[in-house]
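# Working through the structure, step by step
In case you want the letters, here they are:
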Amino acid sequence: MKKVLVVDDVPDNIELLRFDLEDDDFEVITASSGQECLKLAPLACPAIILLDIQMPGIDGIATLTRLKSNDITADIPVIMVSAEKGDDAIIQSLDLGAHDYVRKPIEYSILAARMRSALKLVEAKHHLEHANKELERLATLDFLTNTHNRRSFFNLAEGEFARFKRHHRDLSVIMLDADRFKSINDDYGHAAGDRALQALANTCRSLCRETDILSRLGGEEFALCCPETPLEGAAILAERIREACENAVIETDSGSLRFTVSIGITAATESDDDFAQVLNRADMLLYQAKHSGRNRTIASLQQPSSQGANALKNEI
Ligand SMILES: [Mg+2]
């Protein structure tokens, strides 16, 4: 049942409307002055307000102005009720954000139609806001694994890095890469490869905390940013992920698929200038793990020498 707030300084005017409104399945609440309306509206949050223009004290125009400047009531549609001959107050109300108006004596069928139109508009606006939120959510996700996409990951992780710098909180970063992924695709087909990536993402998700930020950075490469986590904690988490992946079996048309991951783990240090530097170090450690035989984790605060790391990259 939708709530309508009827504001009028003459009780008889309210009672005249109440009958028709209740007949139309509205729950009617009332205020006999602008002051009362301003007090009641934010608490009751009606779906719509019928606001008399001519009232002693705070008149309808002033009441409307205040309703529109309050975040809680700003979006409630207001239909002005005018007893004036002229149009000035109506024009002013519409300019101030009133949805519509009716003149006294009120013809209920006209009022009801205008209320329906106002409520429809509000509903359409809510749908649109919901759709926009969903679009926003989809724009931050990797469609295959439902993890953060690269852009969203950097946005969030850079925020965490700023918090690390300001408050000296622990911040660890884990880089993961599925081993010999090309041969998984070649041997089992791309659909199976996709399922392996989904399994890897699900494994990470099930083992990490809700505050950790998981992303598929591209291809078979994932990153996990772990706020409030020291290097040792991240290393334990990484080892659990490695082990879980090693033990997972994915059944495919071409037989049982098993895969392993190599993982590099590091933590932000005071000498890091930005998040990219930390991620780069984790990436270098990941390549070191690959070079050391794959299916292993390497955790360190030290960057492997870049010359050595570049040589490692060529080997993968
Ligand atoms: Mg009046």
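### Looking at the environment of Tyr108
Its location among the elements puts Tyr108 in helix 5 (residues 108-139). Residue classification places Tyr108 among the buried positions, given a relative accessible area of 15%. Counting along the chain gives 87 residues from Tyr108 to Leu21, while the straight-line C-alpha distance between them is 8.8 Å.

### Description of the coordination of the magnesium ion
Around the magnesium ion, the protein supplies Asp9 (OD), Asp52 (OD) and Gln54 (O) as donor atoms, at distances of 2.1 to 2.3 Å. The motif formed by the donor residues of the magnesium ion, counted along the single chain, is D-x42-D-x1-Q. Separated by 43 residues along the polypeptide, Asp9 in the loop between strand 1 (2-7) and helix 1 (11-23) and Asp52 in strand 3 (residues 48-52) bring together distant segments of the chain. A residue is classified by how much of its surface remains accessible, and Asp9, at 29% relative accessible area, is partly exposed.

### Notes on the domain arrangement of the protein
For the protein, the domain assignment lists domain 1 (3-133) and domain 2 (150-315). When each unit is reduced to the centre of its C-alpha atoms, the spacing between domain 1 and domain 2 is 56 Å.

### Side note on unusual backbone geometry
Following Lys104, the chain continues into Pro105 via a peptide bond in cis, with omega recorded as -5°. Following the sequence through the fold, Pro105 ends up in the loop between strand 5 (100-103) and helix 5. With a phi angle near 70°, Asp25 is a residue other than glycine that sits in the positive phi range. Within the fold, Asp25 resides in the loop between helix 1 and strand 2 (26-31). Of note, Asn295 is a non-glycine position whose phi angle comes to about 50°, a positive value. Turning to its location among the elements, Asn295 is positioned in the loop between helix 10 (275-291) and strand 12 (297-299).

### Considerations on the sheet that holds strand 1
Spatial ordering of the open sheet is given by 2-1-3-4-5, a layout of 5 strands whose pairing is parallel. Edge strands, defined here as strands with exactly one partner in the open sheet, are strand 2 and strand 5. Averaged over all pairs of adjacent strands, the angle between strand axes in this sheet comes to 20°, irrespective of strand direction. Across 4 bridges, strand 3 lies against strand 4 (residues 78-82) in parallel orientation. Within strand 4, the residue paired with Leu51 across the bridge is Met80. Each of strand 1, strand 2 and strand 3 touches helix 2 (residues 34-44); the most contacted strand, strand 2, lies at about 145° to it.

Rules behind the numbers
- Residues numbered from 1 in each chain as written.
- Predicted model: local features only at pLDDT ≥ 70, side-chain atom pairs only at ≥ 80, totals over all residues.
- Heavy atoms only, no water.
- Helix = DSSP H or I, 4+ residues; strand = E, 2+ residues; numbered from the N terminus.
- Buried < 20%, exposed > 50% of the residue type's maximum accessible area, 1.4 Å probe, protein only.
- Donors = N, O, S within 2.8 Å, 3.2 Å for Na, K, Ca; no water.
- Domains from an automatic or database assignment.
- Pairing = 2+ DSSP bridges.
- Axes fitted to C-alpha atoms, helices over the stretch in contact; angles between N-to-C directions.
- Contact = heavy atoms within 4.5 Å.

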